[in-house]
Amino acid sequence: MCKPDLYDPKINRGYAELARHYGCLVDPARAYHPRDKAVVEAHQRYIRSSFFAGRSWPSLAAMTAGAEAWCTQVAGQRRPRALEGRTVLEVFAAEEAPALRPLPGAPFEPATWSRPKVAPDAHVVVGRTLYSVPYRLIGKRLDARAAAAMVEFYLDGELVKTHVFTPRGRRTDWADLPEHKSGFFMRTPAWCQAQAALVGPACATLVGELLAVNALFRLRQAQGVLRLGQRHGDARLEAACARALGAGDPSYRTVKGILAAGTEHDGVQLPLPGIAVPAWLRGPDAFGGEQR
C-alpha cells in the first residue's frame, strides 16, 4: 500500500499488476483498525496450527500434495455454525467452485516500478544500470517498469522507450541522442586509433598509449587529442604529440598545453625555406665548387 485512505487508497503498482493479472479485487482494510481483517487473520492462525505446526516435508511437491489432502480431509470437513450444518467442502462445491475463473495462460511476471529523473546526458538510472531515453525528455520524471526481460519507460501513462533488461552497466540507443552528441559518443577506441594513424606516427603512438589501459575510461582523452587537430591542424598536432612523448607525458592536457603555448617545435631545427638540408650538414664536398 502506497497511501492508506478510506475512500481512495493508493495500491502499490506491482501488487496492482498482480491483481489485474489474476482478475482479483484488492480491497485494503482501514489503517489502525485490526478488526477489519480479523476473520482473515483467524484463518491464517488455523492453517498454521492445524497444517504447518509440527510437520516437515522433503520437497515442495510433497508439501503441495499434503496441503491438498488436508484441505479435503480436514479443513473441508468442518461444520462452522454459520454454514448451518453443512461442511466447508459442500459449500465450496455448491457455491464457490462454479464462480472460480481459470488461471491465466501465462504466469505472472513480477516487476519493479521506480520514478527516475532524466539526466542531462539523456540517461536514467534503474537499479544498477543507465538506460538512454529520447533527449527531449531531459529533466522530466518517468515511470520505469523493470521486469526480468524488459525495462519500459512511461511519461504520463504513455510508453516512450523500452530496453532489454541489463543487470548493471550502460545501455545507449544512439537514436535517443542529438546527432552531434551521438556522433561524438560513437567515436570508439578503434575509430580513434585509425584516425590517429592518419595524423602521423607520433599521434598514433600517443593515442595507443592512452587506450592501452582502461580504454573506455580514457576514451574522452583520446577523442580530445584528435579534436585538437581540427583546431590547430594535423601537422602541429603531430609535432605536439612527438614532444609530449619525448617529455614522457603522453596526455591530452600536455598536448593541449603545448599547442596553446605554440612550443611544439621548440628544440627542433626546422628546415630553412628553399634548402633541403642546412649547409653545415652537407659535408666537406659541398664546398668544393667555384670560389668567388
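Residues numbered from 1 in each chain as written. Predicted model: local features only at pLDDT ≥ 70, side-chain atom pairs only at ≥ 80, totals over all residues. Heavy atoms only, no water.

Q: Just to check I follow, could you spell out the overall build of the protein chain for this structure?
A: Secondary structure summary: the protein chain contains 10 helices and 7 strands in total. A total of 292 residues make up the protein chain; the buried ones form 26% of that total. In the protein chain, once contacts between residues fewer than 6 apart in sequence are set aside, the share between residues at least 24 apart is 47%. Working note: accessible area of the protein chain is about 20,300 Å², and carbon and sulfur atoms make up 56% of it. (Helix = DSSP H or I, 4+ residues; strand = E, 2+ residues; numbered from the N terminus. Buried < 20%, exposed > 50% of the residue type's maximum accessible area, 1.4 Å probe, protein only. Contact = heavy atoms within 4.5 Å. Areas by Shrake-Rupley, 256 points an atom, 1.4 Å probe, with all protein chains shown as cover.)

Q: How do you make sense of the layout of surface pockets when you look at a structure like this?
A: Left-over empty space is what a probe sized like a water molecule reveals as it rolls over the atoms. Roughly 430 Å³ of volume is contained in the largest pocket. Mapped onto the lining of the largest pocket, the elements with two or more residues apiece are helix H2 (38-52), helix H3 (60-73) and helix H4 (88-96). With 5 residues, the top contributor of residues to the lining of the largest pocket is H4. Of the residues contributing to the lining of the largest pocket, the split by class is 12 nonpolar, 2 polar and 2 charged. (1 Å grid on protein atoms, 1.4 Å probe; cavity = no way out; pocket = protein on both sides within 12 Å on 5 of 7 lines; lining within 4 Å. Points joined across faces, edges and corners; volume = space filled by probe spheres on them. Nonpolar A, V, L, I, M, F, W, Y, C, P; charged D, E, K, R; others polar.)

Q: What should I look at first to understand helix H10 (residues 252-261) in this one?
A: Side chains that are three or four residues apart share a direction in an α-helix, a result of its 3.6 residues per turn. Considered for burial, the residues of H10 that qualify are Thr254, Val255, Ile258 and Leu259. Buried residues of H10, seen end-on, are gathered within an arc of 130 degrees and therefore sit on one face of the element. Relative to its buried face, H10 has exposed residues pointing more than 90 degrees away, namely Arg253, Ala260 and Ala261. Where the residues of H10 are buried, they touch helix H7 (201-210), helix H8 (219-232) and helix H9 (234-246). Remark: Gly262 follows H10 within two positions and exhibits a positive phi of approximately 70 degrees. (Arc of directions from axis to C-beta.)

Q: Mind showing me how you'd approach the packing of H8 against H10 here?
A: Packed helices, taken two at a time, are described by the angle their axes make and the gap between the axes. At a closest axis distance of 9 Å, the pairing of H8 and H10 adopts a crossing angle of 15 degrees. By the angle between their axes, H8 is roughly parallel relative to H10. Considering the relative orientation of H8 and H10, their crossing is left-handed. Two secondary-structure elements touch here, H8 through Gln221, Gly224, Val225, Leu228 and His232 and H10 through Tyr252, Val255, Lys256 and Leu259. Split by residue class, the contact of H8 with H10 holds 5 nonpolar, 3 polar and 1 charged. (Axes fitted to C-alpha atoms, helices over the stretch in contact; angles between N-to-C directions. Parallel < 35°, antiparallel > 145°, perpendicular 65-115°, else oblique. Left-handed = near helix turned anticlockwise from the far one by under 90°.)

Q: Explanation requested: the packing of aromatic side chains in the structure shown.
A: For any pair of aromatic rings, the description rests on two quantities: the centre-to-centre distance and the angle between the ring planes. On inspection of all chains with the given rule, the structure shows 7 aromatic pairs. Three or more aromatic residues link up through ring pairs in this structure, and these residues are Tyr46, Phe51, Phe52, Trp57 and Trp70. Over the ring of Trp113 we find Arg13, and its NZ or CZ is 3.7 Å from the ring centre. (Phe/Tyr/Trp six-rings, centres within 6.5 Å; stacked < 30°, edge-to-face > 60°. Lys NZ or Arg CZ within 6 Å of the ring centre and 35° of its normal.)

Q: Explanation requested: the sheet that holds strand S6 (residues 158-164) in the structure shown.
A: Neighbouring strands of a sheet are bound in pairs by backbone hydrogen bonds; such pairs are parallel or else antiparallel. Read across the open sheet, the 4 strands follow the order S1-S4-S5-S6; overall the sheet is antiparallel. Each edge of the open sheet carries a strand with a single partner, namely strand S1 (112-114) and S6. Sheet twist, expressed as the mean angle between neighbouring strand axes with direction ignored, is 20 degrees. Where strand S4 (residues 143-146) and strand S5 (residues 150-155) come together, 4 bridges link them in antiparallel fashion. The residue bridging Asp143 from the neighbouring strand is Tyr154, located in S5. (Pairing = 2+ DSSP bridges.)

Q: What am I meant to see in the nonpolar core here?
A: Soluble globular proteins tend to pack their nonpolar side chains together in the buried interior. Cys203, Val207, Leu237, Cys241 and Val255 are the most contacted members of the largest nonpolar core, which totals 21 residues. Elements with a contribution of two residues or more to this core: helix H6 (189-199), H7, H8, H9 and H10. Among all residues touching Val207, those that are not within four sequence positions of it are Cys192, Gln193, Ala196, Ala222 and Val225. (Core = buried A, V, L, I, M, F, W, Y, C linked by side-chain atoms within 4.5 Å.)

Q: Got a minute to help me understand a nonpolar patch on the surface in this structure?
A: A surface patch of nonpolar side chains, about 260 Å² in accessible area, is lined by Leu89, Phe92 and Leu100. With respect to the secondary-structure elements, Leu100 resides in the loop between H4 and S1. (Patch = residues over 30% accessible without salt bridge, like charges linked within 9 Å, V, L, I, M, F, W, Y side chains within 5 Å. Salt bridge = Lys/Arg side-chain N within 4 Å of Asp/Glu carboxyl O.)

Q: Sorry if this is basic, but what is going on with the side chain of Ser132 here?
A: Checked against the element boundaries, Ser132 lands in strand S3 (residues 128-132). You can call Ser132 buried: its relative accessible area is 0%. Reaching out from Ser132, the side chain makes a polar contact with the side chain of Asp176 at a distance of 2.7 Å. Those residues in contact with Ser132 that sit more than four places away from it in its chain are Ala122, His123, Lys161, His163, Arg171, Thr172, Asp173 and Asp176. (Polar contact = N/O pair within 3.5 Å; in protein donor to acceptor, adjacent residues only side chain to side chain.)

Q: What am I meant to see in the side chain of Lys161 here?
A: With respect to the element layout, Lys161 can be found in strand S6. For Lys161, the side chain forms a polar contact with the side chain of Asp176, separated by 3.2 Å. Here Lys161 is in contact with Ser132, Val133, Pro134, Val151, Glu152, Phe153, Asp173 and Asp176, once residues within four sequence places are set aside.

Q: I keep staring at the environment of Asp5 and nothing clicks. Help me out?
A: Along the chain, Asp5 falls in the segment before helix H1 (13-22). Here the alpha-carbon distance between Asp5 and Pro28, two residues 23 residues apart in the chain, equals 8.8 Å.

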